[in-house]
Amino acid sequence: MREPGHRVLVIPLADQIGFAFRVAPELVRGMVVNLALGNMDIDDFRNDEA
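About the cut-offs
- Residues numbered from 1 in each chain as written.
- Predicted model: local features only at pLDDT ≥ 70, side-chain atom pairs only at ≥ 80, totals over all residues.
- Heavy atoms only, no water.
- Helix = DSSP H or I, 4+ residues; strand = E, 2+ residues; numbered from the N terminus.
- Contact = heavy atoms within 4.5 Å.
- Areas by Shrake-Rupley, 256 points an atom, 1.4 Å probe, with all protein chains shown as cover.
- Buried < 20%, exposed > 50% of the residue type's maximum accessible area, 1.4 Å probe, protein only.
- Core = buried A, V, L, I, M, F, W, Y, C linked by side-chain atoms within 4.5 Å.
- Patch = residues over 30% accessible without salt bridge, like charges linked within 9 Å, V, L, I, M, F, W, Y side chains within 5 Å.
- Salt bridge = Lys/Arg side-chain N within 4 Å of Asp/Glu carboxyl O.

## Examining the overall build of the protein
Then, in step 1: Helix and strand counts for the protein come out as two helices and two strands.
Then, in step 2: Written out in order from the N terminus, the α and β elements of the protein read β-β-α-α.
Then, in step 3: Pairs at least 24 apart in sequence give 29% of the contacts found in the protein among residues at least 6 apart.
Then, in step 4: A total of about 4000 Å² of accessible surface is found on the protein, and carbon and sulfur atoms cover 56% of it.

Structure below.
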């Protein structure tokens, strides 16, 4: 995970189970916080996938 360009695999366990995608490691913290608070849902991050 420390190599440049290596992205973290995100696997939703509710709603659209199995529709996995990857995000940059530096975005994981913000993603977890926003999901926990309910500010955003998993589709917000999936749509930003590059």
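After presenting the structure, the write-up continues.
## Here we look at the environment of V32
Then, in step 1: Mapped onto the elements of the fold, V32 is located in helix α1 (residues 25-37).
Then, in step 2: A residue is classified by how much of its surface remains accessible, and V32, at 48% relative accessible area, is partly exposed.
Then, in step 3: Along the sequence, V32 and I42 sit 10 residues apart, while their C-alpha atoms lie 9.7 Å from each other.

## Quick look at the environment of D43
Then, in step 1: Structurally, the position occupied by D43 is in helix α2 (residues 42-47).
Then, in step 2: Sequence separation between D43 and P12 is 31 residues, and the spatial gap between their C-alpha atoms is 10.0 Å.

## Some details on the nonpolar core
Then, in step 1: Counting residues in hydrophobic clusters, the biggest one holds seven residues: V8, V10, F21, V23, M31, I42 and F45.
Then, in step 2: The set of elements that each furnish at least two residues to this core consists of β1 (8-10), β2 (21-23) and α2.
Then, in step 3: Residues within four places of F45 in sequence aside, it is in contact with F21, G30, M31, N34, L35 and M40.

## Quick look at a nonpolar patch on the surface
Then, in step 1: Taken together, the side chains of L9, I11 and L13 define a hydrophobic patch exposed on the protein surface, amounting to about 330 Å² of accessible area.
Then, in step 2: Inspection of the secondary structure assignment puts L13 in the loop between β1 and β2.

This is a description of form; function is not addressed.
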